[in-house]
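Structural characterization, general
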Amino acid sequence: MLIGELALATGASARALRHYEQAGLISSERAHNGYRVYGERAAVRVGNIRRLLAAGLTLEDVRTFLPCLDGDVTAGPPSAEALRIARERLAVLEGRIAAQSEVRDRLAAALEGAGPGLAPEAGPPPPAPSVPERSRTAPVAGTGVAAAVRPSG
């Protein structure tokens, strides 16, 4: 299938597919006209890549799963390596959240000290800005971190 067909079948952009290919996660042949042609299993592989990315892993993390990306990565029990990677990624995310919380608290304190009417309003914080479309991945039911790091191969 051509790159546009694979993009349509998986919900990934053609740019993301080229990025996955450059990272060595998928491969293609070149047709006589220079177009990329992907095998039939490419859609399964891309779906698994997107599930792992949606669970918070990076492309480098996903490389660990290369042997099982053509099957159901959520079917088997998680390997020790998969659990290690998920724990490391979680620790990184928790560190980032803590750092951002500190920045938010300092900004709120600065606003409170700036005078009346400038303090943050009570209530829940405003929603985070939306993620640009090119980096957004569709969540898949039953594919949280625990489910997404279960290599089948």
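Residues numbered from 1 in each chain as written. Predicted model: local features only at pLDDT ≥ 70, side-chain atom pairs only at ≥ 80, totals over all residues. Heavy atoms only, no water.

A few words now on the nonpolar core. Counting residues in hydrophobic clusters, the biggest one holds 24 residues, and the most contacted among them are Leu17, Tyr20 and Ile49. Per element, the largest residue contribution to this core is four residues, and it comes from helix H3 (residues 42-54). When near neighbours in sequence (up to four residues on either side) are disregarded, Leu17 contacts Ile3, Leu6, Ala7, Ala12, Ile26, Tyr38 and Val46. (Core = buried A, V, L, I, M, F, W, Y, C linked by side-chain atoms within 4.5 Å. Buried < 20%, exposed > 50% of the residue type's maximum accessible area, 1.4 Å probe, protein only. Helix = DSSP H or I, 4+ residues; strand = E, 2+ residues; numbered from the N terminus. Contact = heavy atoms within 4.5 Å.)

Within helix H1 (residues 3-10) the residues assigned to the buried category are Ile3, Leu6, Ala7 and Thr10. Within H1, the buried residues cover an arc of 100° as seen down the axis, which keeps them to one side. In H1, the exposed residues that point more than 90 degrees away from the buried face are Leu8 and Ala9. Buried residues in H1 make contact with helix H2 (14-22), strand E2 (36-37) and H3. Where H1 terminates, the next one or two residues include Gly11, which has phi positive at roughly 80°. (Arc of directions from axis to C-beta.)

So, about the confidence of the model for the protein chain. One rule of thumb: low pLDDT means the predicted coordinates there are not for detailed reading. With 76% of its residues at a pLDDT of 70 or more, the protein chain has an overall mean of 82. Looking over the protein chain, one finds the lowest element-wise mean pLDDT in helix H6 (residues 145-148), namely 44, and the highest in H2, namely 97. With pLDDT under 50 throughout, residues 131-148 is counted as low confidence; its partners more than four residues away or in other chains account for 22 contacts. (pLDDT = per-residue confidence, 0-100.)

Right, let's talk about the pattern of salt bridges for a bit. Under the criterion given, the structure shown has eight salt bridges. Glu88 is the salt-bridge partner of Arg84, the closest N and O atoms lying 2.5 Å from each other. In this pair, Arg84 and Glu88 both sit in helix H5 (residues 80-113), four residues apart, roughly one turn of the helix. When its relative accessible area of 43% is taken as the criterion, Glu88 is described as partly exposed. (Salt bridge = Lys/Arg side-chain N within 4 Å of Asp/Glu carboxyl O.)

A few words now on H2. All of the buried residues in H2 are Ala16, Leu17, Tyr20 and Glu21. Projected onto a plane normal to the axis of H2, the buried residues spread over an arc of 140° and lie on a single side. Of the exposed residues in H2, the ones pointing more than 90 degrees away from its buried face are Arg15 and Gln22. In this fold, the buried residues of H2 make contact with H1, E2, H3 and helix H4 (59-62).

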